[in-house]
Amino acid sequence: MGHFPILDGHNDTLLRLHKSNDTPSFFTESTSGHIDLPRAKKGGLGGGFFAVYTPDAVDQGGPESHLTETGYDVPLPPMISHERALTFSNALAAKLFQIEAASDGQFKVVRTAAELKDCLQQQDMMAAIFHIEGAEAIDTNLDALHVLYQAGLRSLGIVWSRPNLFGEGVPFRYPSSPDTGSGLTDAGKALVRECNQLGIMIDTTHLNEKGFWDVANITDAPIVATHSNAHALSPSARNLTDKQLAAIAASGGVAGINYAVNMLRQDGGLGTNISLDNIVRHVAYIAENFGVDHVALGSDFDGTTVSDSLSDVTGLPHLLERLKAHGFDDDELQKITHGNWVRVLENTWK
Ligand SMILES: [Zn+2]
C-alpha cells in the first residue's frame, strides 16, 4: 500500500482544547473529541488546517434545536464585536503555537509549501496550517491581516455563517439553496485583494452564493471551499451547487468533503448511524463530474457530529479502504488525501 498521509481541510481542535482548558491533553490519547496527537498518528493524519474560530456571544443551538417538517432552519446569529473576536482569536492562536512549542518537533505550523511537503514526508511530523474562520478579528484597514500573516496565517475564511463587516454566510438550513443573502461588502472585496497579494488562501466555505461569486470574480488564486459537500447529493445551504463546483474546478481549486452527517445525507438527517460510503459518494461525485484534481477531505473534526462508523480520526484508515473499494487507484488516492491541497497551496502561497 502506498503512503497516503491525510492533509485535512478543517478541524476545530483548538476550540475544543480551549473549552476544556487542557492543552497538554493534545499529547495524550483520549476518548473525548476527535483529534489528539496519538490518535492522529494512528489515523494517518499528516496535517491539516487548524481553525481559529470565535463562537457566537450566545449559543443558539445547532440544527437539532431548530427542526422543521422537512429538515432544519437555524437563524443566522447576530454579528460579534471586533474586540471580542480579537481577544478570542489570540487565545486560540496562542494555543496553536503552544502546542508547536511543546511538541518536541512533532507538530509544525507550516508557512511555505516546502515546509508542508517536508512534514508530509515525515511519518512522525504533523503539519498545521494556521486558518481563521470568520474575519471578525481583522479590522477593515486590514492592519491585523498583515500582523497575522507575519505570525503565520496562511488561510482565511471570510465569514463563518453569521454576518460580519466583510460579508455574510449561509444559515444552517436544509433543504435550501446557498443563495440566501447579499454578497461581499466593499471591505470584503478589499480583503480578497489583500489576501491575494500576501498569498493567504481564501476559503469560500460558509459564504452565501453571492459572496462566493464575488470571491470567484476577484481572486487570482484557485477557488477553495475547505469543508463543504455536493449540493446535488445533500441540498443543504452549506453545500456547493454544480455551478460552484464547476467554477472551483475551472480555477484549479478544490473542495474538501465535510464529515458532518447532516451535510452528507441526502435527507439532511441528523442520525449518525450511516456508513462511510456517504463520504465516498460525495468524493466520487466531484471526482466523476468535475475531476479528481478538485476534491479533497475537510473533516470538520472537533466541530461537528460525524458518523458512528468513523468515530474519530482513528477511523480514517477505514475511509481510505472504502475509497479504494470504490475504485480509486493510488494516484487518485494520493491526490484526494493530500496532493490536491498541496497543489492548491503551492499555487496560492508566496
Ligand atoms: Zn465551519
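What comes next is a walk through the structure.

Rules behind the numbers
Residues numbered from 1 in each chain as written. Predicted model: local features only at pLDDT ≥ 70, side-chain atom pairs only at ≥ 80, totals over all residues. Heavy atoms only, no water. Helix = DSSP H or I, 4+ residues; strand = E, 2+ residues; numbered from the N terminus. Rg over C-alpha atoms; globule rule 2.2 N^0.38 Å. Contact = heavy atoms within 4.5 Å. 1 Å grid on protein atoms, 1.4 Å probe; cavity = no way out; pocket = protein on both sides within 12 Å on 5 of 7 lines; lining within 4 Å. Points joined across faces, edges and corners; volume = space filled by probe spheres on them. Nonpolar A, V, L, I, M, F, W, Y, C, P; charged D, E, K, R; others polar. Phe/Tyr/Trp six-rings, centres within 6.5 Å; stacked < 30°, edge-to-face > 60°. Lys NZ or Arg CZ within 6 Å of the ring centre and 35° of its normal. Donors = N, O, S within 2.8 Å, 3.2 Å for Na, K, Ca; no water. Buried < 20%, exposed > 50% of the residue type's maximum accessible area, 1.4 Å probe, protein only. Polar contact = N/O pair within 3.5 Å; in protein donor to acceptor, adjacent residues only side chain to side chain.

A closer look at the overall build of the protein
What the protein contains, in helices and strands, is 12 helices and 11 strands. Over its C-alpha atoms the protein spans a radius of gyration of 18 Å, differing by no more than 12% from the 20 Å that the globule rule assigns to 350 residues. Here the C-alpha coordinates of the protein stretch approximately 50 × 45 × 40 Å along the principal axes. Long-range pairs, those at least 24 residues apart, make up 72% of the contacts in the protein with a sequence separation of at least 6.

Examining the layout of surface pockets
In this model, the largest pocket occupies a volume close to 930 Å³. Along the walls of the largest pocket sit 37 residues, with Gly62, Trp160, Phe172, Gly303 and Thr304 positioned nearest its centre. Only α1 (13-20) and α9 (261-264) provide two or more residues apiece to the lining of the largest pocket. In terms of residue class, the lining of the largest pocket is made up of 16 nonpolar, 11 polar and 10 charged. Breaking the lining of the second largest pocket down by element, the ones donating at least two residues are α2 (37-43), β2 (45-53), α4 (113-121) and α11 (316-326). A total of 4 residues in the lining of the second largest pocket trace back to one element, the largest contributor, which is α2. Across the lining of the second largest pocket, the residue classes tally to 12 nonpolar, 8 polar and 2 charged.

Remarks on the packing of aromatic side chains
The geometry of two aromatic rings is summed up by the distance between their centres and the angle between their planes. Scanning all chains against the criterion turns up 11 aromatic pairs. Summarising the aromatic geometry, the rings of phenylalanine 26 and phenylalanine 27 are spaced 5.6 Å apart at their centres and angled 85° between planes, so their arrangement reads as edge-to-face. Members of the aromatic cluster, joined through ring pairs, are Phe26, Phe27, Phe50 and Phe107. The ring of tryptophan 213 is capped by lysine 243, whose NZ or CZ atom sits 5.2 Å from the centre of that ring.

Remarks on the coordination of the zinc ion
Distances from the zinc ion to its protein donors, Glu133 (OE), His206 (NE2) and His227 (NE2), fall at 2.1 to 2.2 Å. Along the chain, the residues donating to the zinc ion are arranged with the sequence spacing E-x72-H-x20-H. Separated by 94 residues along the polypeptide, glutamate 133 in strand β5 (residues 126-133) and histidine 227 in the loop between β9 (224-225) and α8 (242-250) bring together distant segments of the chain. A single burial state applies to glutamate 133 and to histidine 227, both of which are buried.

Re the environment of asparagine 278
Along the chain, asparagine 278 turns up in helix α10 (residues 277-290). Note on asparagine 278: relative accessible area 16%, which makes it buried. Along the chain, asparagine 278 and glutamine 266 lie 12 residues apart, while their C-alpha atoms are 9.1 Å from each other. Looking at asparagine 278, its side chain comes within polar contact range of the main-chain oxygen of serine 275, at 3.0 Å.

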